[in-house]
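Next come the chains, spelled out residue by residue.
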Amino acid sequence: MKERLQNIIKKSQNLLEEVYVELGTNYGNVTKTVEDCLKESKSLVEQFKQRISTGENNILHSVKEIENNVGDVVEGFWTIEQDLDNLVQVFSQSFVVVEDIEKNISKIKDSSELMEVVALNAMVVAIKSGKNGGGFTFVSESLKNNATATIKLTDDVLGRGEMVRDEFESLQEILKGLIVKSKNLNELIEKNITGRFYELYQMIEEFVDFLENLYADAVAIRKPVYAIMQNLQYQDILRQSVEHVDMFLQHFFEPKDFVNDDNLLDFLATKEFICDFSLIVFNEAKMQVQTNVHDFNEALGDIDARIENLNSKGDAYLKTHKSVTASGVSSLIQSFSDSLKVLLEEIKKTDNIKEIIESKEQNLFRNMKLLQEKNNEFFGLIKVFRNIIVLGRIEISKHEALKDVDNSIDNIEAVTDIVESAVKEISECYEQITFTDTKVRDQLEKLFLENSLFVEKLNKDIGILYEYMSQVRSMLFNSLGGFEDLEHKIVANVDKSKSDMNSLDKYLATIEDGITLCSVEKSLAYKQKKDILNSRGLSEWIVHNEEMHKLIEKFTVYRHREQAKFLSGIDHSGSSVAEGSVSLF
Amino acid sequence: MKKILVVDDSSVIRMSLEFFLKENDFDVVLAEDGAQGATKAEAEKFNLIITDINMPNMNGIDMISKIRTQDANKFVPILVLTTESDSEMLKKGKEAGATGWIVKPFTNEDLLATVQKVIK
């Protein structure tokens with residue numbers, strides 16, 4: 001019996017050590033894997049958060065920068081729109097100036113016609129004066145010819161003026177078209193870019209939330225893993241308990257050769273005690289291992305469920321947010337790029353308009369110059385009028401008969417003054433138009449320059465954002481990869497643990513052998529002891545073995561020490577503290 | 001990071017404690033018996049020593065007594081983690097210089113709370 005029991009003890013000790021060391025190492029690895037992966041995941045999540053939320057070179061900063069720049073562009077276009085409106089206003093004012101020119105020209109024409117009439121009257125008076133009016137006939141003819149030339153010039157100027165007005169009108173139309181385009185561009189930006197930023201913010205927030213959530217789930221895997229680690233301490237208690245049995249076997253299970261009539265009852269009672277105590281230990285070990293197996297399986301199931309949950313969460317996220325994680329960022333960027341492309345094309349069209357405006361404006365300028373030259377001709381004609389008037393007055397002073405035309409000459413002088421003032425006014429109008437034209441040209445130059453600067457800035461920012469978003473994607477995938485790695489490692493360890501558990505079944509089978517053996521041996525010993533006691537007329541036999549008592553004192557598990565004392569009849573009334581209790585001194 | 005010396009002859013217990021304490025941001029050094037524990041305690045400065053009682057070479061009580069003779073370790077907290085719940089043994093531990101006594105099986109929560117309390 002001793003050898004068989006010793007084999008069982010040895011086997012169970014080995015199995016116990018093997019299984020628990022395996023489980024311990026295995027779960028040590030799981031724990032280490034969990035911790036390493038969590039640390040890595042945490043650092044990735046932190047990096048991710050840091051990247052998007054702090055510092056100058058981050059995604060949110062970049063997004064904000066672009067948002068501001070888009071805002072600048074929108075505002076810029078709005079300003080352009082306003083400026084264009086102002087230009088149209090300026091052109092309207094120029095219309096008034098053109099109308100002024102027209103009025104003045106009409107005034108000149110009217111005056112010239114009046115002069116023609118006055119010249120005819122003067123001619124009639126000169127004819128009536130006969131020989132005496134001969135000198136004045138030349139004056140009146142010159143006057144008439146000059147008036148006719150003035151009328152012709154007014155027609156020319158009027159023709160040019162109409163051309164200028166037409167050019168003004170066409171320019172105004174172009175500017176109005178530009179305003180419409182500018183409005184459309186603003187709408188385009190609003191629709192394609194501005195609204196998308198909210199989407200981008202949301203997407204980034206979702207990234208962070210998901211990663212944090214996933215991290216929290218991964219952290220929760222610790223719980224069942226630590227439950228397993230905690231259960232491992234029972235191995236230590238079981239190991240010590242089995243060692244107690246082993247101690248007895250080593251010391252007291254003497255071969256039968258040494259048993260004689262004197263020590264037979266001691267031997268049987270000791271054997272009965274050892275079997276009893278072994279049964280207590282084996283049953284306790286069996287129960288503990290069964291509890292542990294149950295707890296381990298529960299913890300493994302829990303880990304499986306958590307891993308499954310982690311997996312399905314990750315999968316579901318990737319599935320439902322595939323567009324966000326995989327192509328979503330690209331599509332968003334693509335959308336930005338597309339909007340930008342449209343924007344650039346529209347702006348390019350604006351460049352064509354710029355060319356048209358420039359050519360129209362050059363045309364206008366050329367016509368204005370011609371108009372001004374023509375106007376200067378008026379000054380020549382006025383000079384002639386003045387000379388004619390001087391000649392007329394000389395002739396009048398020579399001949400009394402011409403006194404009657406003196407009033408006509410006064411009228412002619414008055415009309416000449418009017419014409420001169422009209423011509424001067426026209427000159428002023430030309431200057432005003434030339435000034436407006438230069439102003440318009442400068443303003444347009446400024447607008448187009450601003451426009452291209454905005455676009456250049458926006459283009460650069462979108463490039464930066466694209467780069468950041470690519471980093472976000474790779475960080476996200478790294479983080480997800482970290483969690484996936486964690487899952488694989490844990491699953492591998494869990495599978496190994498499940499196979500280790502089979503060894504615990506072997507342990508239970510060994511313990512069952514021990515229980516059976518001890519039960520049989522105990523009954524035999526009891527029966528034998530009872531028979532001898534009956535034959536000797538005794539009712540009970542207590543082992544008085546000092547060595548056994550000393551050995552029991554060496555038991556390291558207090559509970560077993562007390563149980564052994566009880567079984568062997570030793571006083572066991574010592575005080576103790578409860579298992580699991582904490583005493584601080 | 002606070003440093004803890006764990007002395008236990010059971011590799012499983014050493015492993016379990018090491019991971020649990022590391023998880024809670026402690027630096028952990030391991031020793032397999034009392035003699036090794038006393039040597040390590042003398043060589044390095046620890047914020048806490050956790051020891052088993054029943055170990056080969058030198059038991060926990062003797063190790064505590066030895067450590068308490070080391071100048072640097074007169075006041076270092078020492079927690080006993082054992083299957084021994086006899087009041088007499090507790091008394092011996094206290095006399096040897098232990099700071100506290102935890103009877104196995106313990107819960108991680110109780111252990112952590114006690115560690116944090118004595119390490120303060």
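Just above, that's the structure.
Residues numbered from 1 in each chain as written. Chains lettered and ligands numbered in written order. Predicted model: local features only at pLDDT ≥ 70, side-chain atom pairs only at ≥ 80, totals over all residues. Heavy atoms only, no water.

Each helix and strand counted, chain A has 11 helices and one strand in total. Listing each helix as α and each strand as β along chain A from the N terminus yields α-α-α-α-α-α-α-α-α-α-α-β. Per-residue burial for chain A yields a buried fraction of 46% across its 585 residues. Sequence separation of at least 24 residues holds for 90% of the intrachain contacts in chain A that already meet a minimum separation of 6. When the accessible surface of chain A is split by element, carbon and sulfur atoms take 51% of a total near 28,600 Å². (Helix = DSSP H or I, 4+ residues; strand = E, 2+ residues; numbered from the N terminus. Buried < 20%, exposed > 50% of the residue type's maximum accessible area, 1.4 Å probe, protein only. Contact = heavy atoms within 4.5 Å. Areas by Shrake-Rupley, 256 points an atom, 1.4 Å probe, with all protein chains shown as cover.)

With 35 residues of chain B at the interface, the matching set in chain A holds 37 residues. Taking both partners together, chain B and chain A bury about 3,100 Å²; carbon and sulfur atoms supply 58% of that area. Of all residues in chain B, Val12(B), Phe19(B) and Pro105(B) bury the most surface against chain A, accounting for 19% of the area lost on that side. Linking chain B with chain A are four salt bridges, by the criterion used here. Elements with a minimum of two residues in the side of chain B that touches chain A: helix 1 (11–23), helix 4 (87–96), strand 5 (100–103) and helix 5 (108–119) of chain B. Broken down by element, the residue count for the side of chain B that touches chain A peaks at eight residues, all from helix 1 of chain B. Tallied by class, residues from the side of chain B that touches chain A come to 14 nonpolar, 12 polar and nine charged. Taken together, the three bridges between strand 1 (residues 582–584) of chain A and strand 5 of chain B define a ladder with antiparallel strand orientation. (Buried area = accessible area lost by both parts, 1.4 Å probe. Salt bridge = Lys/Arg side-chain N within 4 Å of Asp/Glu carboxyl O. Nonpolar A, V, L, I, M, F, W, Y, C, P; charged D, E, K, R; others polar. Pairing = 2+ DSSP bridges.)

What follows is about the sheet that holds strand 3 (residues 48–51) of chain B. Strand order in the open sheet formed by six strands is 1(A)-5(B)-4(B)-3(B)-1(B)-2(B), with mixed pairing between adjacent strands. At either margin of the open sheet sits one strand with a lone partner, and together these are strand 1 of chain A together with strand 2 (27–31) of chain B. Adjacent strand axes in the sheet meet at a mean angle of 15 degrees, parallel and antiparallel pairs treated alike. Along the sheet, helix 2 (residues 34–43) of chain B contacts strand 1 (3–7), strand 2 and strand 3 of chain B; its crossing angle with strand 2 of chain B, the most-contacted strand, is approximately 135 degrees. Strands strand 1, strand 3, strand 4 (78–82) and strand 5 of chain B of the sheet are contacted by helix 3 (residues 60–69) of chain B, whose axis makes an angle of about 160 degrees with strand 3 of chain B. (Axes fitted to C-alpha atoms, helices over the stretch in contact; angles between N-to-C directions.)

So, about the pattern of salt bridges. Residue and element names in this part refer to chain A. Evaluated as defined, the whole model comprises 30 salt bridges over all chains. The closest approach of N and O atoms between aspartate 217 and lysine 313, which form a salt bridge, is 2.7 Å. Placement of the pair is aspartate 217 in helix 4 (residues 196–220) and lysine 313 in helix 7 (residues 264–320), with a sequence separation of 96 residues. With relative accessibility at 16%, the residue aspartate 217 sits in the buried group. The exposure class assigned to lysine 313 is partly exposed, which follows from its relative accessible area of 30%.

As a further point, take the packing of aromatic side chains. Evaluated as defined, the whole model comprises five aromatic pairs over all chains. Through a chain of ring-to-ring contacts, three or more aromatic side chains come together here, namely Phe248(A), Phe273(A), Phe277(A) and Phe555(A). Taking NZ or CZ as reference, Lys3(B) lies 5.5 Å from the ring centre of Phe46(B), over its face. (Phe/Tyr/Trp six-rings, centres within 6.5 Å; stacked < 30°, edge-to-face > 60°. Lys NZ or Arg CZ within 6 Å of the ring centre and 35° of its normal.)

Our focus in this paragraph is the state of the cysteines. Each disulfide consists of a covalent bond between the sulfur atoms of two cysteine residues. Residues and elements named next belong to chain A. A full pass over the atoms with the stated rule returns zero disulfides over all chains. Cysteine cysteine 275 shares no disulfide, and the gap to the nearest cysteine sulfur, in cysteine 518, comes to 4.8 Å. Owing to a relative accessible area of 0%, cysteine 518 belongs among the buried residues under this scheme. (Disulfide = S-S within 2.5 Å.)

Attention shifts here to the packing of helix 2 of chain B against helix 3 of chain B. The angle between the axes and the distance between the axes are what describe a pair of packed helices. Residue and element names in this part refer to chain B. In contact at an axis separation of 9 Å, helix 2 and helix 3 are set at 20 degrees when each is read in the N-to-C sense. Comparing the axis directions of helix 2 and helix 3 gives the class roughly parallel. Crossing of helix 2 against helix 3: the hand is right-handed. The segment helix 2 lies against helix 3, with Gly34, Gly37, Ala38 and Ala41 engaging Met63, Lys66 and Ile67. Split into classes, the residues belonging to the contact of helix 2 with helix 3 amount to four nonpolar, two polar and one charged. (Parallel < 35°, antiparallel > 145°, perpendicular 65-115°, else oblique. Left-handed = near helix turned anticlockwise from the far one by under 90°.)

Let us now look at the environment of Ile49(B). All names here are of chain B. Position of isoleucine 49 relative to the elements: it lies in strand 3. Separated by 49 residues in sequence, isoleucine 49 and alanine 98 place their C-alpha atoms 9.5 Å apart. When near neighbours in sequence (up to four residues on either side) are disregarded, isoleucine 49 contacts Leu5, Val7, Ala41, Met63, Ile67, Val76, Pro77, Ile78 and Leu79.

This paragraph deals with the packing of helix 3 of chain B against helix 4 of chain B. Residues and elements named next belong to chain B. Orientation of helix 3 relative to helix 4, taken along the N-to-C sense of each, is 15 degrees, at an axis distance of 8 Å. In terms of axis orientation, helix 3 runs roughly parallel to helix 4. Seen from above, helix 3 lies across helix 4 with left-handed handedness. Here Ile61, Ile64, Ser65 and Arg68 of helix 3 come into contact with helix 4, specifically with Met89, Lys92, Gly93 and Ala96. Split by residue class, the contact of helix 3 with helix 4 holds four nonpolar, two polar and two charged.

Once that is clear, we can look at the pairing of strand 5 of chain B. All names here are of chain B. Side chains Gly100 and Ile102 of strand 5 all project onto a buried face; the interleaved residues Trp101 and Val103 project onto the opposite face, where all are buried too. Alignment of strand 4 against strand 5, held across four bridges, turns out to be parallel. Pairing of leucine 81 across the sheet is with isoleucine 102, part of strand 5. In this view, the connection linking strand 4 to its parallel neighbour strand 5 by way of helix 4 has right-handed handedness. (Right-handed = clockwise from strand over helix to strand, strands pointing away.)

Here we come to the pairing of strand 1 of chain B. Residues and elements named next belong to chain B. Most of strand 1 sits inside the fold, with four of its five residues counted as buried. Here five bridges tie strand 1 to strand 2, and the two strands are oriented parallel to one another. Within the sheet, the bridge partner assigned to lysine 3 lies in strand 2 and is aspartate 27. Once you follow strand 1 into helix 1 and on to strand 2, the crossover reads as right-handed. Bridge analysis of strand 1 against strand 3 gives four bridges, and the strand direction is parallel. For valine 6, the partnering residue across the bridge sits in strand 3 and is isoleucine 50.

Another point: a nonpolar patch on the surface. Residues and elements named next belong to chain A. Together, Phe138, Val390, Leu391 and Ile394 make up a nonpolar patch on the protein surface, roughly 360 Å² of accessible area in all. For the nonpolar patch, the leading source of residues is helix 8 (residues 322–398), giving three residues. By secondary structure assignment, the location of phenylalanine 138 is in helix 3 (residues 134–194). (Patch = residues over 30% accessible without salt bridge, like charges linked within 9 Å, V, L, I, M, F, W, Y side chains within 5 Å.)

Before going further, it helps to spend a moment on the side chain of Thr82(B). Residues and elements named next belong to chain B. Along the chain, threonine 82 falls in strand 4. Only 2.9 Å separates the side chain of threonine 82 from the backbone nitrogen of glutamate 84, close enough to count as a polar contact. When sequence neighbours within four positions are dropped, the list of residues in contact with threonine 82 reads Asp52, Ile53, Asn54, Trp101, Ile102, Val103 and Lys104. (Polar contact = N/O pair within 3.5 Å; in protein donor to acceptor, adjacent residues only side chain to side chain.)

By themselves, these figures tell us nothing about what the structure is for.
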